[in-house]
Amino acid sequence: MGMIEVLKHFNISVEPSLYGNGHINDTYIVHTEPKYILQRINKNVFTNPPAMMENIMGVTSFLAEKIKAAGGDPARETLHFMTAEDGNPYFVDETGEYWRAYQFVDGVISCTVVEDPMQLYHAARAFGKFQNMLADYPADTLHETIVQFHDTKKRFNDFVKAVEENKSGRAELVKDEIQFVLDREADCAIVVDAIANGEIPLRVTHNDTKLNNVLLDEKTGEGVCVIDLDTVMPGSLLYDYGDALRFGGSSGAEDEPDLSKIWFVMENFEAFTKGFLEELVSITDKELELLAFSIKLMTLECGSRFLADYINGDTYFKTRYPEHNLDRCRTQFKLVADMEAKMDEMNAIVHRIAGR
Ligand code: ADP
Ligand code: GN1
Ligand code: MG
């Protein structure tokens, strides 16, 4: 079915064009007035799209009420999904693909690389506010859209399995990268164990806080809207903080092939930490203690996911060329190594900003 046919079910009749650079869903823009985003949900990644959309509809309507109560503009500050003629917030085509349409937020930028540390300050405040607004969301009603998404112990085991299976035959080519992950097995248990033994609270978190998942106002630079709500689930504040700086703390693009251009930028780290802690005053001492470490952990997790996907034959993330996942993995590991060298300084900065 053509996309124009799909859009008719949402009462839209203009041909869309490809948009954005997410790694998971197929995203299109519809240039009507107002504009819309059309997405084909990646069913390989999200195996139960109706459950995922139930989460998203619950969360967006909850956020709209909070934003309204705070005197904000819900039309701009949270996503608005269209309902198809059968009343569902998605349409299933004759091949079983799930499509959704929602309002495009205009007058914003979505960053793929950081140009100014202030972008991180504003992104951090937006992600922090997002978590605060969801603090009293009924977490037990949320479906786990990707099971054990940030369970780094499970991720480590999945990685070992990918290496053992070696579906693509590429494992021989990346022995050093594989060893890099194996050497850090102990790190993978720290946050998961702290959650399991009650040292760290579960909160409703976003879980995919890449900088291009927060839209910043093109004029003021301030955070406008947190998007990509597919993985909103109970999780740790450390996942949102760590993943945002995994991406935003890098001096270059996630897939930069020239590793001499990649290091962890302390100014970006400071700016994000400042914005995040200004909002998340409920952070506990234990979370604070693990804050800097969580950036390294999320970067290690993401790098090992890119590497596992490379070894599995590129079946999860979208790739534009055969070594794309490997280039992505290498930037992540370069960042991990740089953070390991800077960890004492990073911890000192966290405690200085927090004032405790
Ligand atoms: P993916 O899961 O593939 O990352 P996203 O939902 O993040 O998909 O969308 C991909 C990109 O499209 C985003 O990074 C952002 O740049 C852009 N985008 C998505 N929704 C909107 C929106 N409502 N307004 C403006 N841009 C958007
Ligand atoms: C994916 O969907 P997107 O592009 O915002 C991935 C994240 C990774 C990220 C790496 C559902 O995010 O977990 O950190 O790529 N999302 C999913 O860039 O797997
Ligand atoms: Mg995205």
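You'll find the structure just up there.
Just so we're clear, the structure is a prediction, and the values are computed from it rather than from any experiment. (Residues numbered from 1 in each chain as written. Chains lettered and ligands numbered in written order. Predicted model: local features only at pLDDT ≥ 70, side-chain atom pairs only at ≥ 80, totals over all residues. Heavy atoms only, no water.)

Novice: Any chance you could explain the coordination of the magnesium ion (ligand 3) here in plain terms?
Specialist: When a metal carries six donors in an octahedron, the ideal angles between them are 90 or 180 degrees, while four donors in a tetrahedron ideally lie at 109.5 degrees. Every protein donor of the magnesium ion (ligand 3) is listed here as N213 (OD1) and D228 (OD), and their distances to the metal cover 2.2 to 2.3 Å. With N213 in the loop between β7 (203–205) and β8 (214–217) and D228 in the loop between β9 (223–226) and β10 (233–235), this residue pair connects regions lying 15 residues apart in the sequence. Its relative accessible area of 5% is what places N213 among the buried residues. What makes D228 partly exposed here is its relative accessible area of 24%. (Donors = N, O, S within 2.8 Å, 3.2 Å for Na, K, Ca; no water. Helix = DSSP H or I, 4+ residues; strand = E, 2+ residues; numbered from the N terminus. Buried < 20%, exposed > 50% of the residue type's maximum accessible area, 1.4 Å probe, protein only.)

Novice: Hey, could you run me through the environment of I12 in this one?
Specialist: In this structure, I12 sits in the loop between α1 (3–8) and β1 (17–18). Beyond its immediate chain neighbours, meaning those up to four positions away, I12 contacts I4, L7, V30, T32 and Y36. (Contact = heavy atoms within 4.5 Å.)

Novice: Which parts of the structure should I look at to understand the sheet that holds strand β4 (residues 91–92)?
Specialist: Strand pairing in a sheet is mediated by backbone hydrogen bonds. Such pairs are either parallel or antiparallel. With antiparallel pairing, five strands are arranged side by side in an open sheet as β1-β2-β3-β5-β4. The open sheet is flanked by β1 and β4, the only strands paired with a single partner. For strand β3 (residues 36–40) and strand β5 (residues 98–103), the ladder comprises five bridges, and the chain directions are antiparallel. Counterpart to L38 in the pairing with β5 is A101. (Pairing = 2+ DSSP bridges.)

Novice: Where do I start with the site of ligand 2 in this structure?
Specialist: Near ligand 2 lie 18 residues; those nearest to it are H23, K210, E254, R305 and Y316. N213 places a side-chain nitrogen or oxygen 3.0 Å from an oxygen atom of ligand 2. In the environment of ligand 2, an oxygen atom lies 2.6 Å from a nitrogen or oxygen atom belonging to the side chain of E254. Surface burial for ligand 2 is 97%, taken as the share of its 450 Å² of free accessible area covered by protein chains. Listed by contribution, the elements that provide at least two residues to the shell around ligand 2 are α8 (237–248) and α10 (285–312). Looking at which element gives the most residues to the shell around ligand 2, the answer is α10, with three residues. (Near = heavy atom within 4 Å. Polar contact = N/O pair within 3.5 Å; in protein donor to acceptor, adjacent residues only side chain to side chain. Areas by Shrake-Rupley, 256 points an atom, 1.4 Å probe, with all protein chains shown as cover.)

Novice: Even after reading the chapter, I still don't get the nonpolar core, so can you show me in this structure?
Specialist: Buried together is how nonpolar side chains tend to be arranged in soluble globular proteins. By size, the foremost hydrophobic cluster in this structure holds 101 residues, and its most contacted members are Y241, F269, F272, L291, L307 and M346. Examining the composition of this core, we find that 15 residues originate from one element, α10, more than from any other. Residues contacting Y241, with those up to four places away along its chain left out, are F269, F272, T273, F276, L291, S294, I295 and V350. Among the nonpolar cores identified, the runner-up in size contains 14 residues, and M3, Y28, Y36 and F91 belong to it. (Core = buried A, V, L, I, M, F, W, Y, C linked by side-chain atoms within 4.5 Å.)

Novice: I'm lost on the sheet that holds β8 in this one. Help?
Specialist: Here three strands make up an open sheet; going across it, the order is β6-β8-β9 and the pairing antiparallel. Of all strands in the sheet, those bounded by a partner on one side alone are β6 (108–109) and β9. Inspection of the sheet shows β8 paired to β9 by three bridges, in the antiparallel sense. Bridging across to β9, V214 finds its partner in V226. Sitting on the sheet, helix α4 (residues 117–133) is in contact with β6, β8 and β9, with an inclination near 125 degrees to β8. (Axes fitted to C-alpha atoms, helices over the stretch in contact; angles between N-to-C directions.)

Novice: I would appreciate a short explanation of the site of ligand 1 in the present structure.
Specialist: By nearness alone, 20 residues border ligand 1, and N25, Q39, S110, N213 and D228 come closest of all. With respect to ligand 1, the backbone of I24 contributes an N or O atom lying 3.3 Å from an oxygen atom. The side chain of Q39 places a nitrogen or oxygen atom 3.0 Å from an oxygen atom of ligand 1. Coverage of ligand 1 by the protein chains reaches 96% of its 550 Å² of free accessible surface.

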